[in-house]
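Inside the fold
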Amino acid sequence: MRILSIVECLTLGGTERVCQNNAIGFHRLGRASAVLCLYQSGPRVEILRHQGVEVFVGGNHPAKVLAAIDAAAAWAPDVLLMHREGTADAKSDAVIDRLHQARGHMIPAVEVNHFARADRSRGRRNFLAHIHLSKWCLWKWQGWSRGLKPSPLGVLIPHMVDNATFRRCSDDDRLAFRRAHGVPDDAFLFGRIGQRSSPKWSELLFDAFERVAAVRQHAWLMLVGLPPELRSCLASLPEPIRRRIIEVPLLAGDELLCQAYSSMDCFAHAAAIGESFGMVLCEAMLCETPIVTMSTLLRDNSQVEVVGHQRGGLVCAGKGDFTEAMLAMCDDPLAARAMGRRGRDWVASEYAADVIVPRNLRLLELAARSRDVDTLRRALQTDPQFITEVSADDIHRLAATTSGRHALLDRLLLPMAQHPGIYATIRSLKRRVLRLR
């Protein structure tokens, strides 16, 4: 079977890493694997080619994009795996249409829906199945897709995480990294690594650290990738607190990332929009760093599954719970280290390449042989490794497994977060706002 993965860019983003890892995984399992990179090239192109994966690269001109699509079509793929946000996207529809025309027939296609968004356009029919990264994502998407005919098929397959790349550094390397950035050897170091995008952060982190640092003089905080918009939060803290906050420039290369994760005693994670998966959480846990994370009930909330309360760290329902969890980590470093080790074991067992890549491959094989969505749905429902439905009870159990309890209003609004009409209204308002900017 010949598998063509499709992605917009091959820069250093998380979506691009997932595309790269899976394409290489398919090749290692003996399948012909290629990647169609539509627009921006990047360092992952050479990584893929070095591993034996063919890459077709477009560019910033329509003629270059069309040439790359036609070259990929000539490679004669049997099945397509497209990485996208999930919303209606005329560009991705045009890419698949061009591939169909070039091949002279329909090519079975599966979508990796990276942000659990629902496509209610006709373009959704290009895909036999829509991969979602967590129970929370699949549950929301089920609601947002309700009423569509034919009923689209969602399936839960988490991201694959590279266990070989991310690991805990030696104590010597860990101390060297801390000393290089001015962190005392005896400090309890909280840390946060994130994209330079303010929705991926939260002011809660600064409020909670201020409270913790005021009563724990050995508490420090390291920030990697702090967005410029949040510098005012940093500047507003009392000067004695600011002295214990270290800013580190964005780190280039996985080895430096490993050193940064390993140098932390606890990864303090709060994101205004939550996580559709949380690759950064998995990377931290593979470095045996325990997590304190905030549950975001009405937004993306995969962090409650990926971390797991009292498994890879502490999952918090309220702002006060977040502060208390940071204090608990600070006061019991042995318990924190134990959670770090459990988190490593969880990620290594649940999200390893030898678990996730064969599952993706099995789905693509079934898709390539299926006549339509219903045929594929029946095949998946009889295969125990696939989850295609998530119940409200599943979600309520996940939401309840936290430190503290979510606000009553959030609990009352949770069913509405899955309503297709409310979803459509919010998406329409967002599009209008973007047009006005």
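Residues numbered from 1 in each chain as written. Predicted model: local features only at pLDDT ≥ 70, side-chain atom pairs only at ≥ 80, totals over all residues. Heavy atoms only, no water.

**Some thoughts on the overall build of the protein**
Heads up, the rule is: The way it works is that DSSP assigns letters per residue, a run of H or I at least four long becomes a helix, a run of E at least two long becomes a strand, and they are numbered from the N terminus. For this measure, only C-alpha atoms enter the radius of gyration; the expected value for a globule follows 2.2 Å times N^0.38, where N is the number of residues. Type-normalised accessible area, obtained with a 1.4 Å probe on protein chains alone, sets the label of each residue: buried when under 20%, exposed when over 50%, and partly exposed for intermediate values. The contact criterion used throughout is that any non-hydrogen atoms of two residues lie within 4.5 Å.
Along its length, the protein carries 19 helices and 13 strands. Computed over the C-alpha atoms, the radius of gyration of the protein is 22 Å, within 12% of the 22 Å expected from 2.2 N^0.38 for a compact globule of 437 residues. C-alpha atoms of the protein, sized along the principal axes, occupy 70 × 50 × 45 Å. Burial analysis of the protein (437 residues in total) assigns 55% to the buried set. Excluding contacts between residues fewer than 6 apart, the proportion of contacts in the protein whose partners are at least 24 apart in sequence is 74%.

**Details of the environment of Gly-343**
Of note, Gly-343 is situated in helix 14 (residues 333-350). In the structure, Gly-343 is positioned 130 residues away from Ala-213 in sequence and 26 Å away in space, judged by C-alpha atoms.

**Observations concerning the nonpolar core**
Note the cut-off: We define the nonpolar core as a collection of buried residues of types Ala, Val, Leu, Ile, Met, Phe, Trp, Tyr and Cys that are connected through side-chain atoms lying within 4.5 Å of one another.
Ranked by size, the top nonpolar core spans 51 residues in total, and within it Trp-136, Val-161, Ile-193, Tyr-261, Phe-267 and Phe-277 carry the most contacts. Put simply, the parts of the chain that give this core at least two residues each are helix 5 (135-144), strand 8 (188-193), strand 9 (219-224), strand 10 (245-248), helix 10 (254-263), helix 11 (279-286), helix 12 (303-306) and helix 17 (392-400). Setting aside its immediate chain neighbours within four residues, Ile-193 contacts Val-224, Leu-257, Ala-260, Tyr-261, Met-264, Phe-267 and Val-280. The next biggest cluster of nonpolar side chains, apart from the first, holds 35 residues, and it includes Phe-190, Phe-209, Ile-245 and Met-326.

**A look at the packing of helix 6 (residues 171-180) against helix 10**
Using the following cut-off: Note on geometry: axes are lines fitted to C-alpha atoms, helical ones only across the stretch in contact, with angles between N-to-C directions running from 0 to 180 degrees. Working definition: roughly parallel below 35 degrees, roughly antiparallel above 145 degrees, roughly perpendicular at 65 to 115 degrees, and oblique for all remaining angles. Nonpolar residues are Ala, Val, Leu, Ile, Met, Phe, Trp, Tyr, Cys and Pro. Charged residues are Asp, Glu, Lys and Arg, and all others, Gly as well, are polar.
Contact geometry for helix 6 and helix 10: axes closest at 9 Å, N-to-C directions at 85°. Classified by the angle between their axes, helix 6 and helix 10 sit roughly perpendicular to one another. Listed contacts from helix 10 to Arg-174, Phe-177 and Arg-178 of helix 6 are Leu-256, Gln-259, Ala-260, Ser-262 and Ser-263. Of the residues contributing to the contact of helix 6 with helix 10, the split by class is 3 nonpolar, 3 polar and 2 charged.

**As for the pattern of salt bridges**
Our working rule: Whenever Lys or Arg places a side-chain nitrogen within 4 Å of a carboxyl oxygen from Asp or Glu, that contact is recorded as a salt bridge.
This structure, assessed with the given rule, holds 23 salt bridges. For Asp-185, the salt bridge identified is with Arg-179, shortest N-O distance 2.5 Å. Since its relative accessible area comes to 52%, Arg-179 is described here as exposed. Residue Asp-383 pairs with Arg-362 through a salt bridge whose shortest N-O separation is 3.6 Å. Of this pair, Asp-383 sits in the loop between helix 16 (373-381) and helix 17 while Arg-362 sits in helix 15 (residues 353-369), and the two are 21 residues apart along the sequence. Arg-362 sits in the partly exposed class, given a relative accessible area of 29%. One network of salt bridges, in which partners are shared, links Glu-288, Arg-337, Arg-344 and Asp-345.

**Quick look at the sheet that holds strand 10**
The following threshold applies: Note on pairing: DSSP must find at least two bridges between two strands before they are called paired.
Read across the open sheet, the 6 strands follow the order 10-9-8-11-12-13; overall the sheet is parallel. Lying at the two open borders of the sheet, with one neighbouring strand each, are strand 10 and strand 13 (313-316). Recorded for the sheet is a direction-independent mean angle of 20° between the axes of neighbouring strands. Taken strand by strand, helix 11 contacts strand 8, strand 11 (266-269) and strand 12 (291-294), and its axis lies near 170° from that of strand 11.

**As for the side chain of His-83**
Note the threshold: Polar contact is defined as a pair of N or O atoms within 3.5 Å, subject to the rule that within protein one atom must be able to donate a hydrogen and the other to accept it, and that residues adjacent in sequence are counted only when both atoms are side-chain atoms.
With respect to the secondary-structure elements, His-83 resides in strand 4 (residues 79-84). Only 3.0 Å separates the side chain of His-83 from the side chain of His-114, close enough to count as a polar contact.

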